[in-house]
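Read off the chains here:
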Protein chains: 2
Amino acid sequence: MELSDRKMKILSEVVNNYIQYAEPISSKMLCSLLNFSVSSATIRNELAELTDLGLLEQPHTSAGRIPSHLGYRLYINKLMGKYYLTKKNKEHINSILNLDEIDPEILLKNATSLLADMTKFAVISTGVCTQEDYVKNIKLVQVGKCTAMIILTTSSGLVKNKLFRCEFLLTDNILDRFNNILVEKFVGLSLKEITQAYIQSTAASLEELAFFMTDVLDALLEISELASRTDLHFDGQINLLSLPEYDQQSAIKLMNLFNYSDDIVDLFLMNDDNKTHVFIGEEMHHEELDQSSIIITRYVVDKANYGIIGVVGPTRMNYTKLIAKLEYIAYLVGNKLNNILEG
Amino acid sequence: MELSDRKMKILSEVVNNYIQYAEPISSKMLCSLLNFSVSSATIRNELAELTDLGLLEQPHTSAGRIPSHLGYRLYINKLMGKYYLTKKNKEHINSILNLDEIDPEILLKNATSLLADMTKFAVISTGVCTQEDYVKNIKLVQVGKCTAMIILTTSSGLVKNKLFRCEFLLTDNILDRFNNILVEKFVGLSLKEITQAYIQSTAASLEELAFFMTDVLDALLEISELASRTDLHFDGQINLLSLPEYDQQSAIKLMNLFNYSDDIVDLFLMNDDNKTHVFIGEEMHHEELDQSSIIITRYVVDKANYGIIGVVGPTRMNYTKLIAKLEYIAYLVGNKLNNILEG
DNA sequence: ATTAGCACTCATGCTTATCGAGTGCTAATG
DNA sequence: CATTAGCACTCGATAAGCATGAGTGCTAAT
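Residues numbered from 1 in each chain as written. Chains lettered and ligands numbered in written order. Predicted model: local features only at pLDDT ≥ 70, side-chain atom pairs only at ≥ 80, totals over all residues. Heavy atoms only, no water.

1. Some points on the packing of aromatic side chains
Centre-to-centre distance and the angle between the planes together describe a pair of aromatic rings.
So, point 1. For the structure on display, the rule yields 14 aromatic pairs over all chains.
So, point 2. Considering the side-chain rings of Phe-234 of chain A and Phe-258 of chain A, the 5.9 Å spacing of their centres and the 50° angle between planes classify their relative orientation as tilted. Highlighted residues: Phe-234 of chain A in strand 8 (residues 232-235) and Phe-258 of chain A in helix 11 (residues 248-259), separated in sequence by 24 residues.
So, point 3. Its relative accessible area of 27% is what places Phe-234 of chain A among the partly exposed residues.
So, point 4. Classification of Phe-258 of chain A by relative accessible area gives buried; the value is 1%.
So, point 5. Taking the centre distance of 5.4 Å and the plane angle of 80° together, the rings of Phe-168 of chain B and Phe-212 of chain B count as edge-to-face. In this pair, Phe-168 of chain B sits in the loop between strand 7 (159-165) and helix 7 (172-186) while Phe-212 of chain B sits in helix 9 (residues 210-228), placing the two residues 44 residues apart along the sequence.
So, point 6. Chaining the aromatic ring pairs together yields one cluster made of Phe-168, Phe-178, Phe-211 and Phe-212 of chain A.
So, point 7. A cation over an aromatic ring shows up here: Lys-82 of chain B above the ring of Tyr-84 of chain B, its NZ or CZ 5.7 Å from the ring centre. (Phe/Tyr/Trp six-rings, centres within 6.5 Å; stacked < 30°, edge-to-face > 60°. Helix = DSSP H or I, 4+ residues; strand = E, 2+ residues; numbered from the N terminus. Buried < 20%, exposed > 50% of the residue type's maximum accessible area, 1.4 Å probe, protein only. Lys NZ or Arg CZ within 6 Å of the ring centre and 35° of its normal.)

This is the structure in structure tokens:
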């Protein structure tokens, strides 16, 4: 079913207006905004039809119209234009992200917080996801009499570290020996392969050394689990509190959704290509998100490595602007991470 | 001025009741709760006098009484009993904090989040504060072709690390040389001494090597600044949202106070001995905190090292219970950190 | 297809009335 | 003199009534 050009323009205006003012719009108002040479009664007829089609809604009989989620969907798929960031905007983003930070985790944290600041909404991002991350290197460094740090680097550029303690005095010599063993036994393995069971069988093969290496091996297990769990970054949740669409109740529900984050991760994984996706309220089938939309996109590091970054806000959000900002930041992050990985 | 025993008991009951139910209490109700053999009219007379003394307040003429901040103050200083944690409570805390985590930062994060979970309020803690933290050791570890990690350990047990990148290919040899220089020039210095200027003058003394070491030195500067800045841990802010005393407005204000945290830090430093302190609403002279109280205590690592941990909640909080929980956790954290530092 | 005109709806804001919990005060009591 | 019964009074909370006006839907005319 095709809508007339005029209906399109009306729908578009309703959405734009609602995004800007958060109030239902009347036929009269639309009439003066649209400059068609028709009267408000004609607009009213059009509005009635758009409402019948399920694209618009009325909060109550004598109120103006607001977009339904179907209305938003049509708007997003067909009607909205593309927004181009101003030079100033881009420079602002560049100036904050182009620091020579080379830790992927910190870079992502920065990007997430920057986007939250810019959008005044909540932002979520994942660390780099990779099909098959494997151990690139392991280093042990002594930091105290009985304590040392284990540093794990992976093929996706991740560098994770963790402190651990042994029951005996450490020396460079001992640590070197341990380190060599770890390198020999674990470098090249996929992170997934490093399980409790695998560690145990490795320990067994070490014979009398196994006893001394339990702490190191435990630490390795923990850190590789840490490395294979994609980490999540949240920011700007508090921004949502000041928005008219969230009362205390729903804000709390939303926060909890973020905190017990499995559900959110699932939502995020709905993004399965390199395009930007918009999910609107009820489409997500999560009561807590009925009033909200999520825009997600991927930052692409290289063929095998990407991550996801997205904005969560009220359905009434400025999609064009947000998409532009999100995509630009995702683009920069992807580039930056690619540099880090290559370098 | 001394209050009669009966007045004390009445005040105490008003506070207890308000803490539990968040509602003004009437003379009649008090009468039945207290089991004095007097009538509600007598209680009313007592209440009137307590109100005249500024210890109680009436939300409006025909309402019951609630404690004023002076009332709370008296209650806290003189009236409230001591609460002893149940075995179950203690075991729960132990089981979460007695993991063999040896990174002070992570330990503190865990403690903060545990306390937030237990109290359902917001919790803030500082890292270890120390009069004069000095550099105990520096290590450089290669993690990529041109990237390395610098690890700084300090006298207070802090272990901080940071990735940095050089403009040239790294080798074990080069890093060893760099490392030796760093150790020679910086180990034993107070963190405060490592300033931009100091780094520059050190670089100057290195002559032709200086050029190659700029990146390392920059990283060192950054990381030592990071280490000397006491870090702050927040948790449970969202808990405050569900409390009746905070509407959206005041919750946001409170969150912002936490986020731009200088003010909060000042408040925290009001704690200048090893006792537990309670600050009540208006006493803090921060509009945002008028409805809130803060309980702070120190965790003591050893003579020179301590940190602060505190709970922020509505003035109407269960002080005895909270103090018990807070102090127990602070005690464990202090102990644990002491072990880590010694070991 | 468009439109003027008009009856109809409903959220909003204001005023008024009622209710009842809880107080403060007075006068009586042991 | 502390205590108390009794009672008038206050004031928030809740509901009900009413006017207002923005905005619609429908009809009949163009």
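2. Details of the pattern of salt bridges
Any two side chains of opposite charge can pair, given that their charged atoms come close.
So, point 1. With the rule as written, the count across this model stands at 24 salt bridges over all chains.
So, point 2. Across the pair Glu-49 of chain B and Lys-7 of chain B runs a salt bridge whose closest N-O atoms are separated by 3.1 Å. Remark: Lys-7 of chain B occurs in helix 1 (residues 5-21) and Glu-49 of chain B occurs in helix 3 (residues 40-52); sequence separation between them is 42 residues.
So, point 3. A relative accessible area of 40% places Glu-49 of chain B in the partly exposed class.
So, point 4. A cluster of three or more residues bridged by salt bridges with shared partners is formed by Arg-6, Lys-7, Glu-46 and Glu-49 of chain A. (Salt bridge = Lys/Arg side-chain N within 4 Å of Asp/Glu carboxyl O.)

3. Comments concerning the nonpolar core
So, point 1. Residues Tyr-319 and Ile-329 of chain A together with Tyr-319 and Ile-329 of chain B are the most contacted members of the largest nonpolar core, which totals 176 residues.
So, point 2. Beyond its immediate stretch of four places on either side in the chain, Ile-329 of chain B contacts Ile-93, Leu-97, Ala-111, Leu-114, Leu-115, Met-118 and Ile-309 of chain B. (Core = buried A, V, L, I, M, F, W, Y, C linked by side-chain atoms within 4.5 Å. Contact = heavy atoms within 4.5 Å.)

4. Topic: the pairing of strand 7 of chain B
Residues and elements named next belong to chain B.
So, point 1. Within strand 7, 5 of the 7 residues are buried, which leaves it mostly tucked inside the rest of the structure.
So, point 2. Across 7 bridges, strand 6 (residues 147-154) lies against strand 7 in antiparallel orientation. Of the residues in strand 7, the one forming a bridge with Ala-148 is Phe-164.
So, point 3. In textbook terms, the turn of a hairpin is the stretch between consecutive antiparallel strands, and for strand 6 and strand 7 this stretch comprises 4 residues, one of which, Gly-157, has a positive phi near 95°. (Pairing = 2+ DSSP bridges.)

5. Overview of the interface of chain A and chain B
Accessible area lost on assembly of the parts is the figure often given for the size of an interface.
So, point 1. Contacts between the two partners involve 35 residues from chain A and, on the opposite side, 35 residues from chain B.
So, point 2. Roughly 2,900 Å² is buried in total at the junction of chain A and chain B, and carbon and sulfur atoms are behind 62% of that figure.
So, point 3. Put simply, chain A and chain B have 2 salt bridges between them.
So, point 4. The partner of Glu-101 of chain A in a salt bridge is Lys-162 of chain B, with the nearest N and O atoms 3.8 Å apart.
So, point 5. Counting across the interface, chain A meets chain B through 8 residue pairs in polar contact (both at pLDDT 80 or more).
So, point 6. Those elements giving two or more residues to the side of chain A that touches chain B turn out to be strand 5 (135-142), strand 6 (147-154), strand 7 (159-165), helix 10 (237-241), helix 11 and helix 13 (319-342) of chain A.
So, point 7. In the side of chain A that touches chain B, the residues fall into 16 nonpolar, 10 polar and 9 charged. (Buried area = accessible area lost by both parts, 1.4 Å probe. Polar contact = N/O pair within 3.5 Å; in protein donor to acceptor, adjacent residues only side chain to side chain. Nonpolar A, V, L, I, M, F, W, Y, C, P; charged D, E, K, R; others polar.)

6. Observations concerning the domain arrangement of chain A
Residues and elements named next belong to chain A.
So, point 1. We note that the domain assignment places domain 1 (5-79), domain 2 (87-129 + 231-342) and domain 3 (135-228) within chain A.
So, point 2. Computed from C-alpha atoms alone, the centre-to-centre distance between domain 2 and domain 3 is 34 Å.
So, point 3. Taken together, the contacts link 6 residues of domain 2 with 4 residues of domain 3.
So, point 4. Along the contact surface separating domain 2 from domain 3 lie 2 salt bridges.
So, point 5. Glu-105 is paired through a salt bridge with Lys-160; the nearest N and O atoms lie 3.2 Å apart.
So, point 6. Connecting domain 2 to domain 3 are 2 residue pairs in polar contact (both at pLDDT 80 or more).
So, point 7. Split into classes, the residues belonging to the side of domain 2 that touches domain 3 amount to 3 nonpolar, 1 polar and 2 charged. (Domains from an automatic or database assignment.)

7. Here's the deal with the relation of the copies chain A and chain B
So, point 1. Note on the identical chains: chain A maps onto chain B by a rotation of 180° and an axial translation of 0.1 Å, with an RMSD of 0.2 Å. Here the transformation between the copies is reduced to the relation of a two-fold axis. Nearest to the rotation axis, the C-alpha of Gln-248 of chain A is located 3.1 Å from it, this being the minimum over chain A. (Least-squares fit on C-alpha atoms with pLDDT ≥ 70 in both.)

8. Quick look at the sheet that holds strand 5 of chain A
Residue and element names in this part refer to chain A.
So, point 1. Taken together, the 3 strands give an open sheet; going across it, the order is 5-6-7, and neighbouring strands pair in antiparallel fashion. Every interior strand has two partners, whereas the edge strands, strand 5 and strand 7, have only one. When strand polarity is set aside, the average angle formed by the axes of neighbouring strands in this sheet is 20°.
So, point 2. Each of strand 5 and strand 6 touches helix 7 (residues 172-186); the most contacted strand, strand 5, lies at about 170° to it. (Axes fitted to C-alpha atoms, helices over the stretch in contact; angles between N-to-C directions.)

9. Focus on the packing of helix 7 of chain A against helix 9 (residues 210-228) of chain A
All names here are of chain A.
So, point 1. Helix 9 packs onto helix 7 with a crossing angle of 50° between their chain directions and a minimal axis gap of 11 Å. When the interaxial angle is binned, helix 7 and helix 9 end up oblique. The handedness of the crossing between helix 7 and helix 9 comes out as right-handed. The residues of helix 9 that touch helix 7, namely those facing Phe-178, Ile-181, Leu-182 and Phe-186, are Phe-212, Met-213, Val-216, Leu-217 and Leu-220.
So, point 2. In terms of residue class, the contact of helix 7 with helix 9 is built from 9 nonpolar, no polar and no charged. (Parallel < 35°, antiparallel > 145°, perpendicular 65-115°, else oblique. Left-handed = near helix turned anticlockwise from the far one by under 90°.)

10. Topic: the environment of Leu-269 of chain A
So, point 1. With respect to the element layout, Leu-269 of chain A can be found in helix 12 (residues 262-269).
So, point 2. Considering only alpha carbons, one finds Leu-269 of chain A and Ile-296 of chain A, 27 residues apart in sequence, at a separation of 9.6 Å.

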